[in-house]
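One-letter residues, chain by chain:
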Amino acid sequence: MARKPAADEVGSKSARTRQRILDAAAHVLSRKGYAGTRLTDVADQAEIQAPAIYYYFPSRDVLIEEVMGSGIASMRDHIAEVLDALPPGTDPLERIEAAVEAHLRYSLEISDYTTAAIRNAGQVPEGIMACYAAEAAKYGDTWRKLLQDADDAGMLRHGLDLTAARMLVLGALNWAAEWWNPRRGTLDVVVRTARSLVRHGFSPQEATGRRSRA
């Protein structure tokens, strides 16, 4: 007779299957969008039968909601790790540049979850959007502190509205998920350009430089 699996083995297998479904849903959602995501596509990607998904998630929207929330939460954790790893004394503008790079690389190169969350934020129903918005607000706090620290250190140009600056930067970073294609330029070029735009757009020295050249 075959050995009956232990309870922890069954639980572990169940957890792995659930994670595989989430990974598959993130992959499909990031490419096909909310309207185009079908459970049959998710099942094919996860290499399971479509009805098995309902054992783990009661509906398609519940599955998508978890993917969306995880996408922003994992982004926030990743940015925090990148910032924590910077050398002590790193100046606030360099910390902002590091966050810019981390955001772009994570959303465009590393995480289907984050790409799915960013690309579908305006497509999902209100119930799913509420969960996404809660995680996005926490992520926004990270950027709010980055900008405030730079402003407190006198490293931002005079009169810069921090809220508008934060929303414009995040909007531009998120939009890269819609237009970037590796055939049109490497991610390194995009990252280098974004870092330069942010530094020179925020720095008071840039305004002085323009007046001097004039």
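Residues numbered from 1 in each chain as written. Predicted model: local features only at pLDDT ≥ 70, side-chain atom pairs only at ≥ 80, totals over all residues. Heavy atoms only, no water.

Side note on the layout of surface pockets
Then, number 1: There is about 280 Å³ of room inside the largest pocket.
Then, number 2: In terms of lining residues, the largest pocket is bounded by 14 residues, among which Y132, A136, M167, L170 and N174 are the most central.
Then, number 3: Sort the elements by how many residues they give to the lining of the largest pocket and helix 8 (residues 162–179) lands first, with 5 residues.
Then, number 4: Taken together, the residues that form the lining of the largest pocket break down as 8 nonpolar, 5 polar and 1 charged.
Then, number 5: Quantified by volume, the second largest pocket comes out at close to 240 Å³.
Then, number 6: Taken together, 14 residues make up the lining of the second largest pocket; nearest its centre are R31, S107, L108, T115 and A177.
Then, number 7: Elements with a contribution of two residues or more to the lining of the second largest pocket: helix 1 (7–36), helix 5 (92–110), helix 6 (112–120) and helix 8.
Then, number 8: A total of 5 residues in the lining of the second largest pocket trace back to one element, the largest contributor, which is helix 5.
Then, number 9: The residue inventory of the lining of the second largest pocket, partitioned by class, reads 5 nonpolar, 4 polar and 5 charged. (1 Å grid on protein atoms, 1.4 Å probe; cavity = no way out; pocket = protein on both sides within 12 Å on 5 of 7 lines; lining within 4 Å. Points joined across faces, edges and corners; volume = space filled by probe spheres on them. Helix = DSSP H or I, 4+ residues; strand = E, 2+ residues; numbered from the N terminus. Nonpolar A, V, L, I, M, F, W, Y, C, P; charged D, E, K, R; others polar.)

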